[in-house]
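Notes for the structure review
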Amino acid sequence: MIDQLRQRLQALQKAPGIEGRPGALPFGIPAIDTMLSGGLARGTLHEIAATGEAHLAAAAGFALAVAKRTAPSPRLFWVSEDMAFAESGVPHGAGLDAFGLAPEQLVVVSTTHRRDLLWAMEEALRCGATTAVIGEMRAGAIDGVAIRRLSLAAAGSGTLALLLRTEPPGDASTAATRWVVGAASSIVPGTPRVAAQLVRNRRGPTGTWILEWSDSDGQFILATHAQPLAAPALDRPHRQVA
Amino acid sequence: MLSLWLRRLSTDRIVRLRKHETSVPLVVTGKRGNVEVVTAADDAARQLGLTSGLALAQARAMHPGIDVVAEDVEADAALLDSIADWCLRYTPLVACDRPDGLLLDISGCAHLYGGERELIADLGGRLEKSGFAYSLAIAGTIGAAWAAAHYGEPASYACGEESSVLAPLPLSALRLPPATVASLARVGLKRIGGIIDLPRAPLTARFGPDVLRQLDRALGHDHEPLTPRLPVAPYVAEQRFPEPIGREEDVLAITVRLARRLQSALEHGGDGVRRIELSLFRTDGVVRRIAAGTSRPLRNPEEIRALFVERLAALADALDPGFGFDMARLSVLVAEPCPPEQIGIAGGEDTAELCRLIDRLSARLGPRRIRRLVAQDSHIPELAETAMPAQAVNGDTGWSTFRRYRNEVDLPPRPLRLLARPEPIEAVAEVPDGPPLRFRWRRALHEVVAAEGPERIEGVWWSEHGGPARDYFRVEDKSGLRFWLFRAGLYRDLAHGAGAPAWFLHGTFA
């Protein structure tokens, strides 16, 4: 009897994206992929925060690059508050197209309240008609329950959920990973470079990388120039990389 | 055709608003020219000889005890509109006959009430209960019904005997201008019967074509169009309830039942719903109308129900059934040809799923909040694309044309995010036409370390409001942030009297 209950409890408690992984989304960069044991998990929530408000475009670029890898022709759902679009600008189709994302596959939703934003994100995740859902939020804490709900909705459909935030949040999170992304000086002018910092990883160690956009590959690659590179991941050396 | 005349609309409105009844005669007054005159009077005031058109000073002198209220034309019009809405329960073809009448085309609707006389009784009973004085008439034509309602017996019925009903009525019953009526009276023509058999040519030559046209319309020799207040829905299903309903679940259940009825009609016509409206008629005469749009033609009752679930959840004020709804009507406002369902084509399922999602979100948040990007035929960056409501975007979004154009002209990079409107910045440039050295945007100073450009985008020179040419630069600052800036105006134009160039920030790159 108790065994049965335990089993049921275990089944209920199963964290989405850890045991029952619906497939990982490799970055195509071995250094990062090994840390994430194969890549970003689909069907879970990932947080991507800009180092500051000014770096939001870089963080958005990083999120879009991740979303782009979800399918050969990714269908995107971008939910944001009115204020965020007014302050940081609306997604520009011509720019997205150059990024390799078809603008006709993008649905943009703007909401007045945080509550509506979370609701719209959850609906989009639950229905699974899109391959990735990006939710953009201004500063301010998010309810842990809301994050949990989004994770569960994502796990149900196997859709990639990305939470884009303007500032590195101070709160604990139940998201699978948390990234802090900022713009980095480019070596070749005009080639976007971002400094991506994996600050929370439920499946292993964390790290920092400088990534450079490669037009020929249509994805971010590890910057190879002798730039001041970030220190190797040392914060949790006791953890084994799977 | 039914003509309804609410002869005391303004005074009835005021009396309805009052909590307790008084027997003081009531008149409504308004300014006509420089004189404050009586515009409406209730029955008690009318018995005292106070009619509309009388100067207020004179009325006060005759009867100092009367109650005077200023007129409110908008409130009267709004009341008439709401009565017209309420009359939709009888027929979808309701026209306002301002300022105080309604015209209802009840052909084919009367049998629902057991006949035209029963319909009159029902309508009259409900109006009386609400405290309105009315007089109404049913006739074959608008003109005859109007004349009978305004000048005949209250609640008269004149189908098929228009000429005998019209004959004893005065000529003003033909809705002629007072001047024409007066000049007809001067030659002794006072009743409609007097002109029915007169030779037509001299009458027209002397009094203008209006007289005979109105007469022909009233007698049914000429067609008079009715302009309904609301467009007529191509598909309608309705249900009356013996007991009023009020719960939200019941409303949704009835929606599904009505949608099922619509489904077969829609299938028969090969149409699908693009915009649908649920009207709920409250027992006290208030009509609630809730509309929802769809992104593709729909027929499935369950999907229509899902739309209204979101609409009801998003209502700012609750459904407020009061004492309950006694009738519900589901009308298709916009229908579109809908091809038969195809199942199993690759990708079709996902598209349908996405459409359902868009409909649900649009119903809850409003259709303008769910948008798709559509490329436009313009070279000005902020006009080159617009975000259109996703439900309105169908078929080609213009991006294939844009890609062809981009490959042809080798378009320089565009930012990932574009500001809604270019924001002015303070910029310092080394050479007048070159990129800025440093600039200040939203109070923060940015030192430019690398710049690319310019990319010149000409203004709309053929238009007066076109604005100057722009030189766009892609710049990177010390911390690696990449911006899209432009200088509006060229220094060489200063000589021609143009304003000094100004700098703007327009977008951000990843």
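From a predicted model like this one, the values you see are computed outputs, not experimental measurements. (Residues numbered from 1 in each chain as written. Chains lettered and ligands numbered in written order. Predicted model: local features only at pLDDT ≥ 70, side-chain atom pairs only at ≥ 80, totals over all residues. Heavy atoms only, no water.)

As a further point, take the overall build of chain A. Within chain A, the secondary structure is distributed over seven helices and 12 strands. Across chain A, every contact between residues at least 6 apart in sequence was considered, and the portion connecting residues at least 24 apart equals 70%. Accessible area of chain A: about 9,800 Å², with a carbon and sulfur share of 56%. (Helix = DSSP H or I, 4+ residues; strand = E, 2+ residues; numbered from the N terminus. Contact = heavy atoms within 4.5 Å. Areas by Shrake-Rupley, 256 points an atom, 1.4 Å probe, with all protein chains shown as cover.)

All names here are of chain B. With the rule as written, the count across this model stands at zero disulfides over all chains. Among the cysteines around Cys96, which has no disulfide bond, Cys87 carries the closest sulfur, lying 9.3 Å off. The class of Cys96 is partly exposed, set by a relative accessible area of 21%. (Disulfide = S-S within 2.5 Å. Buried < 20%, exposed > 50% of the residue type's maximum accessible area, 1.4 Å probe, protein only.)

Our focus in this paragraph is the interface of chain B and chain A. Taken residue by residue, the interface counts 41 residues in chain B and 57 residues in chain A. Counting the surface lost from both chain B and chain A, the interface buries some 4,100 Å², and carbon and sulfur atoms represent 57% of this. When residues of chain B are sorted by the area they lose upon contact with chain A, Arg369, Leu416 and Arg417 of chain B head the list and together hold 19% of the total. We note a salt bridge from Glu123 of chain A to Arg360 of chain B, for which the minimum N-O separation is 2.7 Å. For the interface between chain B and chain A, the tally reads 20 residue pairs in polar contact (both at pLDDT 80 or more). Secondary structure elements with two or more residues in the side of chain B that touches chain A: helix 14 (348-365), strand 13 (370-375), helix 15 (399-409), strand 15 (417-429), strand 17 (444-457) and strand 18 (470-477) of chain B. A per-element tally of the side of chain B that touches chain A places helix 14 of chain B first, with nine residues. Along the lines of polarity and charge, the residues of the side of chain B that touches chain A split into 18 nonpolar, four polar and 19 charged. (Buried area = accessible area lost by both parts, 1.4 Å probe. Salt bridge = Lys/Arg side-chain N within 4 Å of Asp/Glu carboxyl O. Polar contact = N/O pair within 3.5 Å; in protein donor to acceptor, adjacent residues only side chain to side chain. Nonpolar A, V, L, I, M, F, W, Y, C, P; charged D, E, K, R; others polar.)

Right, let's talk about the sheet that holds strand 4 (residues 67-70) of chain B for a bit. Residue and element names in this part refer to chain B. Ordered in space as 3-2-4, the three strands form an open sheet in which the pairing is mixed. The sheet is open, and its two edges are formed by strand 3 (35-41) and strand 4, each paired on a single side. Direction aside, the axes of adjacent strands within the sheet are offset by 40° on average. Across six bridges, the pairing between strand 2 (residues 26-32) and strand 3 is antiparallel. When the sheet's bridge partners are listed, Thr29 is paired in strand 3 with Val38. Against the sheet, helix 1 (residues 9-17) touches strand 2, strand 3 and strand 4, its axis set at about 125° to strand 2. (Pairing = 2+ DSSP bridges. Axes fitted to C-alpha atoms, helices over the stretch in contact; angles between N-to-C directions.)

For chain A, per-residue confidence averages 83 on the pLDDT scale, and 87% of positions sit at 70 or higher. Ignoring residues within four places in sequence, the model shows residues 15-21 of chain A, a span with pLDDT below 50, making 14 contacts including any to other chains. (pLDDT = per-residue confidence, 0-100.)

Attention now moves to the sheet that holds strand 9 (residues 177-183) of chain A. Across the sheet, 11 strands lie side by side as 12(A)-11(A)-10(A)-9(A)-3(A)-8(A)-7(A)-4(A)-6(A)-13(B)-14(B); this open sheet has mixed pairing. With partners counted over all chains shown, the strands left at the sheet margins are strand 12 (219-222) of chain A together with strand 14 (385-389) of chain B, one partner each. Along the sheet, successive strands turn relative to each other by an average axial angle of 30°, direction set aside. Contacts from helix 3 (residues 56-68) of chain A reach strand 3 (45-50), strand 4 (76-81), strand 7 (132-137), strand 8 (160-165), strand 9, strand 10 (193-201), strand 11 (207-214) and strand 12 of chain A within the one sheet, and its direction differs from that of strand 8 of chain A by about 175°.

Right, let's talk about the pattern of salt bridges for a bit. One pass over the structure, following the stated rule, counts 52 salt bridges over all chains. Between Arg114 of chain A and Glu81 of chain A there is a salt bridge; the shortest N-O distance is 3.2 Å. With Arg114 of chain A in helix 6 (residues 114-127) and Glu81 of chain A in strand 4, this pair connects stretches of sequence that are 33 residues apart. The partly exposed category is assigned to Arg114 of chain A, whose relative accessible area is 21%. Judged by relative accessible area, Glu81 of chain A falls into the buried class, the value being 10%. A salt bridge links Glu136 of chain A to Arg417 of chain B, with the shortest nitrogen-to-oxygen separation between them at 2.9 Å. Of this pair, Glu136 of chain A sits in strand 7 while Arg417 of chain B sits in strand 15, on two different chains. An identical accessibility class is assigned to Glu136 of chain A and Arg417 of chain B; each is buried.

Attention now goes to the packing of helix 1 of chain B against helix 4 (residues 73-87) of chain B. All names here are of chain B. For the pair helix 1 and helix 4, interaxial distance at closest approach is 10 Å and the crossing angle is 90°. Considered as vectors, helix 1 and helix 4 are oriented roughly perpendicular to each other. On helix 4, the residues that touch Leu9, Ser10 and Arg13 of helix 1 are Ala75, Asp76, Leu79, Leu80 and Ile83. Among the residues making up the contact of helix 1 with helix 4, the classes are represented as five nonpolar, one polar and two charged. (Parallel < 35°, antiparallel > 145°, perpendicular 65-115°, else oblique.)

What follows covers the packing of aromatic side chains. Tallying each qualifying case throughout the model produces 17 aromatic pairs over all chains. Ring geometry for Phe27 of chain A against Trp179 of chain A: centres 5.5 Å apart, planes inclined by 50°, an arrangement best described as tilted. You can see Phe27 of chain A sitting in the loop between strand 1 (24-25) and helix 2 (30-35) and its partner Trp179 of chain A sitting in strand 9, a full 152 residues away along the chain. When its relative accessible area of 0% is taken as the criterion, Trp179 of chain A is described as buried. Taking the centre distance of 5.5 Å and the plane angle of 90° together, the rings of Phe439 of chain B and Phe483 of chain B count as edge-to-face. Of this pair, Phe439 of chain B sits in strand 16 (residues 436-441) while Phe483 of chain B sits in strand 19 (residues 482-488), and the two are 44 residues apart along the sequence. (Phe/Tyr/Trp six-rings, centres within 6.5 Å; stacked < 30°, edge-to-face > 60°.)

Attention now goes to a nonpolar patch on the surface. Together, Met1, Ile2 and Leu5 of chain A make up an exposed nonpolar region whose accessible area comes to about 370 Å². Along the polypeptide, Leu5 of chain A turns up in helix 1 (residues 2-13). (Patch = residues over 30% accessible without salt bridge, like charges linked within 9 Å, V, L, I, M, F, W, Y side chains within 5 Å.)

Here we take up the pairing of strand 12 of chain A. Within a regular beta strand, the side chains point alternately toward one face of the sheet and then the other, so they alternate between its two faces. Residues and elements named next belong to chain A. As judged from the four bridges shared by strand 11 and strand 12, these two strands associate in the antiparallel manner. Across the sheet, the residue bridging to Leu211 is Leu222, located in strand 12. Counted along the chain from strand 11 to the antiparallel partner strand 12, the turn is four residues long, and its residue Gly218 has a positive phi close to 65°.

Residue and element names in this part refer to chain A. Residues Phe62 and Trp179 are the most contacted members of the largest nonpolar core, which totals 62 residues. Considering each element in turn, this core owes the most residues, 10 residues, to helix 3. Ignoring any residue separated from it by four or fewer positions in sequence, one finds Trp179 in contact with Phe27, Ile32, Leu36, Leu40, Glu47, Ile48, Ala49, Phe62, Ala196, Gln197, Leu198 and Trp209. Core analysis: the second largest hydrophobic core is formed by 32 residues, Leu45, Cys127, Val133 and Ala154 among them. (Core = buried A, V, L, I, M, F, W, Y, C linked by side-chain atoms within 4.5 Å.)

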